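# Report on the structure
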Amino acid sequence: MIIVLKHGVTEEQTNSLKEWLSGKGLDICPIYGAEKTVLGLVGDTSHLSADEIGMHEAVEKVLKVMEPYKKANRKFHPENTVIKVKNLEIGGKELAIIAGPCSVESEEQIIQIALQVKKAGANMLRGGAFKPRTSPYSFQGLRAEGLILLKRAGEAAGLPIVSEITNPNYIELFDQYVDVIQVGARNMQNFELLKELGRIKKPVLLKRGFANTLEELLMACEYIMSEGNPNVILCERGIRTHETYTRNTLDLSAVPALKRISHLPVLVDPSHGTGISWMVEPLSKAAIAVGADGLIIEVHNNPSKALSDGPQSITPSQFSYIMPKLKEYAALEGRSISIPHTVAYAGTPGSFANEAAEKTYPDSAHTGFERFEDVFWAVLNKKAEIGIVPYENTLAGKVAEVEELLNNKNIEIIDRIKIKIRQMLVAPSGTELSSIRKIYSHPKAIEQCSKFLSTMPDCRIIPYSTTSAAAMTVAALNDKCSAAIASETAARLYKLSTLKEDIQDDENNYTEFVVFRAK
Ligand code: PEP
Ligand code: MN
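Rules and cut-offs
- Residues numbered from 1 in each chain as written.
- Chains lettered and ligands numbered in written order.
- Predicted model: local features only at pLDDT ≥ 70, side-chain atom pairs only at ≥ 80, totals over all residues.
- Heavy atoms only, no water.
- Phe/Tyr/Trp six-rings, centres within 6.5 Å; stacked < 30°, edge-to-face > 60°.
- Helix = DSSP H or I, 4+ residues; strand = E, 2+ residues; numbered from the N terminus.
- Buried < 20%, exposed > 50% of the residue type's maximum accessible area, 1.4 Å probe, protein only.
- Donors = N, O, S within 2.8 Å, 3.2 Å for Na, K, Ca; no water.
- Salt bridge = Lys/Arg side-chain N within 4 Å of Asp/Glu carboxyl O.
- Axes fitted to C-alpha atoms, helices over the stretch in contact; angles between N-to-C directions.
- Parallel < 35°, antiparallel > 145°, perpendicular 65-115°, else oblique.
- Left-handed = near helix turned anticlockwise from the far one by under 90°.
- Contact = heavy atoms within 4.5 Å.
- Nonpolar A, V, L, I, M, F, W, Y, C, P; charged D, E, K, R; others polar.
- Pairing = 2+ DSSP bridges.
- Core = buried A, V, L, I, M, F, W, Y, C linked by side-chain atoms within 4.5 Å.
- Domains from an automatic or database assignment.
- Polar contact = N/O pair within 3.5 Å; in protein donor to acceptor, adjacent residues only side chain to side chain.

### Some points on the packing of aromatic side chains
Note on aromatic pairs: each is described by the distance of the centres and the angle between the planes. All chains considered together, the criterion is met by 5 aromatic pairs. An angle of 15° between the planes, with centres 4.4 Å apart, marks the rings of Phe376 and Phe516 as stacked. With a gap of 140 residues between them, Phe376 in helix α13 (residues 372-380) and Phe516 in strand β25 (residues 510-518) connect regions that are remote in the sequence. Among the residues examined, Phe376 registers a relative accessible area of 3% and is labelled buried. Assessed through its relative accessible area of 0%, Phe516 is described here as buried.

### Considerations on the coordination of the manganese ion (ligand 2)
Only Cys102 (SG), His272 (NE2), Glu298 (OE) and Asp309 (OD) from the protein reach the manganese ion (ligand 2) as donors, at distances of 2.0 to 2.4 Å. Owing to a relative accessible area of 3%, Cys102 belongs among the buried residues under this scheme.

### With respect to the pattern of salt bridges
Following the criterion strictly, the structure yields 31 salt bridges and no others. The residue Asp251 makes a salt bridge to Arg208 at a minimum N-O spacing of 2.9 Å. Here Arg208 lies in the loop between β11 (204-207) and α7 (214-226) and Asp251 lies in the loop between β12 (232-236) and α8 (254-261), a separation of 43 residues in the sequence. Classification of Asp251 by relative accessible area gives buried; the value is 17%. In this structure, Arg422 engages Glu501 in a salt bridge whose closest nitrogen and oxygen atoms are separated by 3.6 Å. Here Arg422 is found in the loop between β19 (411-420) and β20 (424-427), whereas its partner Glu501 is found in the loop between β24 (497-500) and β25, with 79 residues between them in sequence. What makes Arg422 partly exposed here is its relative accessible area of 29%. Its relative accessible area of 51% is what places Glu501 among the exposed residues.

### Focus on the packing of helix α10 (residues 280-289) against helix α11 (residues 316-332)
It is the contact of α10 with α11, at a shortest axis distance of 9 Å, that shows an interaxial angle of 20°. Taken as axis vectors, α10 and α11 run roughly parallel relative to one another. Between α10 and α11 lies a crossing whose hand is right-handed. Here Val280, Glu281, Ser284, Lys285 and Ile288 of α10 lie close against α11, whose contacting residues are Tyr321, Ile322, Lys325, Leu326, Tyr329 and Ala330. Of the residues belonging to the contact of α10 with α11, the class tally is 7 nonpolar, 1 polar and 3 charged.

### Section: the pairing of strand β23 (residues 482-486)
The element β23 is largely enclosed, with a buried count of 5 among its 5 residues. Residues Ser482, Ala484 and Ala486 point to one face of β23 and Ala483 and Ile485 to the other, with burial holding for every one of them. When β20 meets β23, the two strands line up antiparallel, connected through 3 bridges. Across the sheet, Met424 pairs through a bridge with Ala486, a residue of β23. By the bridge criterion, 3 bridges tie strand β21 (residues 438-441) to β23 in an arrangement that is parallel. Within β23, the position partnered with Ile439 by the bridge is Ala483.

### Comments concerning unusual backbone geometry
Among all residues save glycine, negative phi is the norm, and among peptide bonds the norm is trans. One non-glycine residue with positive phi stands out, namely Arg143, at about 55°. Note on placement: Arg143 falls in the loop between β8 (124-126) and α4 (144-157). On the accessibility criterion, Arg143 (38% relative accessible area) is partly exposed. Positioned with a positive phi, Asn478 is a non-glycine residue whose angle comes to about 45°.

### Structural notes on the nonpolar core
Counting 69 residues, the largest nonpolar core has Val117, Leu125, Leu197, Leu206, Leu234 and Phe319 as its most contacted members. With 7 residues, α7 is the single largest residue contributor to this core. Not counting residues up to four positions away in its chain, the partners in contact with Val117 are Ala99, Ala122, Leu125, Leu159, Val299 and Phe319.

### Observations regarding the domain arrangement of the chain
Considered domain by domain, the chain is made up of domain 1 (2-63), domain 2 (83-332), domain 3 (342-420 + 512-518) and domain 4 (424-503). A straight line from the C-alpha centre of domain 1 to that of domain 4 covers 80 Å.

### Digging into the environment of Leu150
If you trace the backbone, Leu150 turns up in helix α4. Taking the C-alpha atoms as reference points, Leu150 and Arg126, 24 residues apart in sequence, are found 8.1 Å from one another. The residues contacting Leu150, other than those within four sequence positions of it, are Val104, Ile110, Leu125, Arg126, Gly127, Ile161, Val162 and Ser163.

### Notes on the sheet that holds strand β14 (residues 294-298)
Spatial strand order, β7-β8-β9-β10-β11-β12-β13-β14: 8 strands in a closed barrel with parallel pairing. The sheet shows a mean angle of 30° between the axes of neighbouring strands, direction not considered. Of the strand pairs in this sheet, strand β7 (residues 96-100) and β8 are connected by 2 bridges, and their pairing is parallel. Paired with Ile98 across the bridge in β8 is Met124.

### Some words on the packing of helix α3 (residues 107-120) against α4
Across the interface, α3 lies against α4 with an axial gap of 9 Å and an inter-helix angle of 35°. Classified by chirality, the crossing of α4 by α3 is right-handed. For the pair α3 and α4, the contacting residues are Glu107, Ile110, Ile111, Ala114, Leu115 and Lys118 in the first and Leu149, Leu150, Arg152, Ala153, Ala156 and Ala157 in the second. Split by residue class, the contact of α3 with α4 holds 9 nonpolar, no polar and 3 charged.

### With respect to the environment of Glu67
Relative to the elements of secondary structure, Glu67 occurs in the loop between β4 (59-63) and β5 (83-85). For Glu67 and Glu215, which are 148 residues apart along the polypeptide, the C-alpha to C-alpha distance reads 8.7 Å. Here Glu67 is in contact with Asn73 and Lys75, once residues within four sequence places are set aside. A polar side-chain atom of Glu67 sits 3.2 Å from a polar atom in the side chain of Asn73. At 3.0 Å, the side chain of Glu67 and the side chain of Lys75 are in polar contact.

Listed below in structure tokens is the structure:
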């Protein structure tokens, strides 16, 4: 039942009506609008007649709510509900993009995926720790340890986390570790679990059971909300039909239907919805087009080796490829997806330009290009928003090629950053300084270390495209007579040992990098 109050009723009149209704054992949800105040009544109203309520001086009209779901009903709450999860607002303009593996498998796996999906624009990390598998012989999840690893990965990437609960006994654990608790399709009608989740305030991601109607989904939701937790996010994840080509039939009509009859945010899971990785992209686009408030996508670094749901998992690079396309679909619907800047830098991971990129744009995706001209090409062709290249070194002077490339009229320099350059002689572990016969590096790095190199007269100096590429080559050669002049970061990255630190001629060795974009 909904009671619409008269315009201009006093607080006293409202309170007296509320007291009377409470006395009848009813739960009252007031909604204060700009024009009108409405009282939603939850509970058994069969003993009350609309006429009886209408006699009260504060009441304008009484409406019966025929649907069995009350708190999730849009009639009770005409505005969209927005659920705050850390900095993310689920149900707001920005779409929630939840990505991650079906199951947390190891610390390395989950941290790697977390960092990669974050860079591609995900704003929440998923990962199952307690897996409700069809077969007891399948991987059951890392359980509590999985939650610990997921939390660690979420912190490393700066992403809130969501994981599935299967049993009310674990509520305390989940409340402590995760930001959103998922109730999976198999537990949608685990009413004891739902009631317990209603007694905490943590947001709940409630997935539709594969044989359940929308009304049953909303009634499951009612179990959580009626206990006092209003933070429920709904999720369409496919239902069982006679079709067998896909794992489930993704019922996209559920989205506009749920948005119409309920005020709660609605997400779509195209991974479980289809069971096929190549269908994730088209159905993600479709989900955005029908008004979903976000997506939950399974992403695995090695889908063919995944311990669960490999066939429906996409790789981080596929994820980063589809995200810019989804962003365009979101814009058509008046929604947004924010993808961090892509920064193109000179060299491979571990180059000084990579270090400059990490320092200046820590939250961006970074892509290395071996040749300076390719960095410019990437920016001019919109493959990256920003380019970072070395411009001038205190010991070795300007980089002539870069100076020339910067003459392009379509380029604008937006920043300059200086980095202290510490050159190291690096080689595979176990290599002796005396056995080195070949030293690989970029000509500018070789120039910066001329004094040290004069102490190595028996060595052949081999110019290379970048210091990081030189380090990578030396690691691959692993012949105990090759070394590279490169950064400490490159040494770490390619698992090389440092034979000699700070071999640059002068301690005060700085390189200025230019940061540019297309005009
Ligand atoms: C999952 O998210 O990994 C999962 C098991 O989902 P669902 O409950 O939708 O099958
Ligand atoms: Mn899964």
